[in-house]
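Here are the chains, one letter per residue:
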Amino acid sequence: MTNQTIIKIVLWILFSVLLIIVVFSVISVSGLPQILTVESGSMEPSLSRGSLILINKEDTYLINDIVTYKDALDDGTQVLITHRIIESESTDNDLIYITKGDANDTKDLDPINPDMIIGKVIFYIPLLGFIVSFAKTKLGVILLIVIPCLFLAYGEVKNIRKEVNEIKLKKKGPLIFIFIQSLRRLAFN
C-alpha cells in the first residue's frame, strides 16, 4: 500500500468521523448518547470551554456527577448548562439537585429536578467541540466537509478512469496483436 493510499484512507476516516459527530451533535436519537460542546468556562479545569462532551440519560444521578440540564432564561428561551451535582434533597416525594460549576464561587441559584436533566457526562475530548461547532456553520460545512470530500471524490474518479482505461487497453491488446499477426501473414504470403 502506498503512502498516498494510506493518506487517502486516513482522510476518509477523519472526514467520516467528523461528519458523524456533527450529525449526532445536531440530531439526538432516543436511547443513544448525545454529543454537545461546552460553551463556557464554568466547569474548568474539569471541562474546558470547547470540549466535546458525550452525555447519556441515566435513571439516577449522584453527587459529583457532571450533568447537562435545560434551564429557562428570563425571556423564556431554553439554554443547556453543564454543571456538577453538589447536593441532592428529597422534599415531599420530589427529588431536587443543587448544582455548581467547578470554576464558580457559588452554587447555582435554582435547584433542578430530574426532568430537567438531559444526561450525565460520560466522556469528553478537549477542544474538539470548537471544530464541531465550526463544522455546524455554513462556512464550516463548506471548508471542513464539502471541499475535502470533493477533493477525495475527484481523486477516486481519476483512479476509476485510470483503471477503466487499463481494462480497455488489456482488451484492445490482444486485438492489436491479432491484427498485427494477420498483417504479417498477408505480407509474407
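As the structure is a prediction and not an experimental result, all values here were calculated from the model.

## Side note on the overall build of the chain
Reasoning step 1: Looking only at helices and strands, the chain has 3 helices and 6 strands in total.
Reasoning step 2: By the burial criterion, 25% of the 189 residues in the chain qualify as buried.
Reasoning step 3: Put simply, 52% of the contacts in the chain that link residues at least 6 apart link residues at least 24 apart.
Reasoning step 4: For the chain, the accessible surface area stands at approximately 13,400 Å², while carbon and sulfur atoms represent 63% of it.

## Focus on the sheet that holds strand β3 (residues 66–72)
Reasoning step 1: As summarised here, the arrangement of the 6 strands in space is β1-β2-β6-β3-β4-β5, forming an open sheet in which the pairing is antiparallel. A single partner strand is all that each edge strand has here, and the edge strands are β1 (34–37) and β5 (94–100). When the angles between neighbouring strand axes are averaged without regard to direction, this sheet yields 50 degrees.
Reasoning step 2: As defined by bridge partners, strand β4 (residues 78–91) adjoins β5 across 7 bridges and the pair is classed as antiparallel. Residue pairing across strands places Glu 87 opposite Ile 98, the latter belonging to β5.

## Describing the pairing of β1
Reasoning step 1: Side chains Gln 34 and Leu 36 project from β1 onto one buried face, and the interleaved Ile 35 and Thr 37 project onto a second face that is buried too.
Reasoning step 2: For β1 and strand β2 (residues 52–56), the ladder comprises 4 bridges, and the chain directions are antiparallel. Paired with Ile 35 across the two strands is Leu 54, which belongs to β2.

## Quick notes on the packing of aromatic side chains
Reasoning step 1: Applying the stated rule across the entire model yields 1 aromatic pair.
Reasoning step 2: Here Tyr 61 and Tyr 97 contribute two aromatic rings whose centre-to-centre distance is 6.3 Å and whose plane-to-plane angle is 85 degrees, an arrangement assigned as edge-to-face. Of the two residues, Tyr 61 sits in the loop between β2 and β3 while Tyr 97 sits in strand β5, which places them 36 residues apart along the sequence. Across the pair, Tyr 97 and Tyr 61 agree in class, each one buried.

## Here we look at the nonpolar core
Reasoning step 1: Ranked by size, the top nonpolar core spans 9 residues in total: Leu 36, Val 38, Met 43, Leu 47, Ile 53, Ile 55, Ile 66, Ile 118 and Val 121.
Reasoning step 2: Elements with a minimum of two residues in this core: β2 and β6 (117–125).
Reasoning step 3: Here Ile 66 is in contact with Met 43, Ser 46, Leu 47, Thr 82, His 83, Arg 84, Gly 119, Lys 120 and Val 121, once residues within four sequence places are set aside.

What counts as what
Residues numbered from 1 in each chain as written. Predicted model: local features only at pLDDT ≥ 70, side-chain atom pairs only at ≥ 80, totals over all residues. Heavy atoms only, no water. Helix = DSSP H or I, 4+ residues; strand = E, 2+ residues; numbered from the N terminus. Buried < 20%, exposed > 50% of the residue type's maximum accessible area, 1.4 Å probe, protein only. Contact = heavy atoms within 4.5 Å. Areas by Shrake-Rupley, 256 points an atom, 1.4 Å probe, with all protein chains shown as cover. Pairing = 2+ DSSP bridges. Axes fitted to C-alpha atoms, helices over the stretch in contact; angles between N-to-C directions. Phe/Tyr/Trp six-rings, centres within 6.5 Å; stacked < 30°, edge-to-face > 60°. Core = buried A, V, L, I, M, F, W, Y, C linked by side-chain atoms within 4.5 Å.

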